[in-house]
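Residue-level listing of the chains:
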Amino acid sequence: MSDDVEAKIQQAIANPQNMGEMSDADSVGTVGSPDCGDMLRMWLKFSEKDGQKVIDKASFQSFGCQTAIAVASMATEMLAGKTVEEAKELSSEQLSEPLGPLPPMKIHCGQMVEGALKEALDAENAEASAAPAVEDQPETLVQSFGAGGGEMKKGKIKVVLQD
Ligand code: FES
């Protein structure tokens, strides 16, 4: 990893933004990486602006990986004010852009953030038909791990392992 990217990650880790569970979230997405076993969860809260649904705020929880925490911290800041459509278009490269290009072995860290975001956005879409209730999610990622490996299901939580 370049010294510049490493320094930016350390800066983000020193003061991560929007880290922690959001008790009043409208939707939540959780993904796990088969590459390293890490998991990341993202909560989204929506509001209406000019007749459009926008992300009011986003927060995240992650285990261990500093790069994923740094990307998620920056991504949650970037997401505030974006419409659902704009958020869906964001790639992992765009979400991790403030850090600079991630080295190959860390690209999946950014993809995990993108995956959690997409899962949360999908959950929000599903809400119109059959809502996966936020309150039915395990409270912590540790509890999610307790649900087992592979594609894990516990109650209404579905943890999607990325390809
Ligand atoms: Fe796996 Fe970062 S090393 S998410």
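This text goes with the structure placed above it.
Residues numbered from 1 in each chain as written. Predicted model: local features only at pLDDT ≥ 70, side-chain atom pairs only at ≥ 80, totals over all residues. Heavy atoms only, no water.

Peer 1: Quick question: what am I supposed to make of the overall build of the chain here?
Peer 2: Of the regular secondary structure elements, the chain holds six helices and five strands. Mapped in sequence order, the helices and strands of the chain form the string α-β-β-β-α-α-α-α-α-β-β. Expressed as a percentage of the 163 residues in the chain, the buried residues total 46%. Within the chain, counting contacts between residues at least 6 apart in sequence, those at least 24 apart form 62% of the total. Carbon and sulfur atoms make up 47% of the accessible area of the chain, which amounts to about 8,000 Å² in all. (Helix = DSSP H or I, 4+ residues; strand = E, 2+ residues; numbered from the N terminus. Buried < 20%, exposed > 50% of the residue type's maximum accessible area, 1.4 Å probe, protein only. Contact = heavy atoms within 4.5 Å. Areas by Shrake-Rupley, 256 points an atom, 1.4 Å probe, with all protein chains shown as cover.)

Peer 1: I'm lost on the environment of Asp24 in this one. Help?
Peer 2: Inspection of the secondary structure puts Asp24 in the loop between helix H1 (3–14) and strand E1 (27–32). Taking C-alpha positions, Asp24 is 8.9 Å from Leu44, a pair spaced 20 residues apart along the chain. Here Asp24 is in contact with Lys45 and Lys57, once residues within four sequence places are set aside.

Peer 1: Just checking my understanding: could you explain the pattern of salt bridges for this structure?
Peer 2: When charged atoms on two side chains of opposite charge get close, those side chains can pair. Taken as a whole and judged by the stated rule, the model has four salt bridges. In this structure, Asp24 and Lys57 form a salt bridge, with 3.9 Å as the shortest nitrogen-oxygen distance. In this pair, Asp24 is assigned in the loop between H1 and E1 and Lys57 in strand E3 (residues 52–62), connecting sequence segments 33 residues apart. We classify Asp24 as partly exposed; its relative accessible area is 35%. Asp26 serves as the salt-bridge partner of Lys45, at 3.7 Å between the closest nitrogen and oxygen. Remark: Asp26 occurs in the loop between H1 and E1 and Lys45 occurs in strand E2 (residues 39–49); sequence separation between them is 19 residues. (Salt bridge = Lys/Arg side-chain N within 4 Å of Asp/Glu carboxyl O.)

Peer 1: What exactly am I supposed to notice about the environment of Cys65 here?
Peer 2: By the secondary structure assignment, Cys65 is in the loop between E3 and helix H2 (66–79). A relative accessible area of 10% means that Cys65 is categorised as buried. In this view, Cys65 contacts Asp38, Lys106 and Cys109; residues no more than four positions away in its chain are not counted.

Peer 1: Sorry, what's going on with H2 here?
Peer 2: Every α-helix winds through 3.6 residues per turn, so residues three or four apart in the chain are directed the same way. A rise of 1.5 Å per residue sets the reference length of H2, with its 14 residues, at 20 Å; its end C-alpha atoms lie 20 Å apart and thus fit the reference within 8%. The element H2 is extensively covered by neighbouring structure, given that eleven of its 14 residues are classed as buried. Of all the positions in H2, only Thr67, Ala68, Ile69, Ala70, Val71, Ala72, Ser73, Met74, Ala75, Thr76 and Leu79 are classed as buried. Positive phi appears at Gly81, one or two residues downstream of H2, with a value of about 95°. (Expected span 1.5 Å × (residues − 1).)

Peer 1: What is the right way to read the packing of aromatic side chains from this model?
Peer 2: Describing an aromatic ring pair means giving the distance of the ring centres and the angle of the ring planes. This model, assessed by the stated rule, comprises zero aromatic pairs. Its end group placed over the ring of Phe46, Lys53 keeps NZ or CZ at 5.3 Å from the ring centre. (Phe/Tyr/Trp six-rings, centres within 6.5 Å; stacked < 30°, edge-to-face > 60°. Lys NZ or Arg CZ within 6 Å of the ring centre and 35° of its normal.)

Peer 1: Please explain the packing of H1 against H2 as it appears in this structure.
Peer 2: The description of two packed helices rests on the angle between their axes and on the distance between the axes. Contact pair H1 / H2: the axes reach a minimum separation of 9 Å and the direction vectors enclose 70°. Between H1 and H2, the angle is such that the two are roughly perpendicular. Facing Ile9, Gln10, Ala12 and Ile13 of H1, the residues of H2 in contact are Gln66, Thr67, Ile69, Ala70 and Met74. Counted by class, the contact of H1 with H2 contains six nonpolar, three polar and no charged residues. (Axes fitted to C-alpha atoms, helices over the stretch in contact; angles between N-to-C directions. Parallel < 35°, antiparallel > 145°, perpendicular 65-115°, else oblique. Nonpolar A, V, L, I, M, F, W, Y, C, P; charged D, E, K, R; others polar.)

Peer 1: Whenever I open this one, the nonpolar core confuses me. Can you help?
Peer 2: Note that soluble globular proteins tend to have their nonpolar side chains buried in a common cluster. Within the largest apolar cluster, 33 residues are counted, with the highest numbers of intra-cluster contacts made by Leu44, Leu79 and Val113. Every element with two or more residues in this core is listed here: H1, E2, E3, H2, helix H3 (84–89) and helix H5 (107–127). Ranked by residue count, the leading element in this core is H2, at eight residues. Beyond its immediate stretch of four places on either side in the chain, Leu44 contacts Met22, Ala25, Asp26, Ser27, Ile55, Lys57, Ala58, Leu79, Leu117, Ala120 and Leu121. (Core = buried A, V, L, I, M, F, W, Y, C linked by side-chain atoms within 4.5 Å.)

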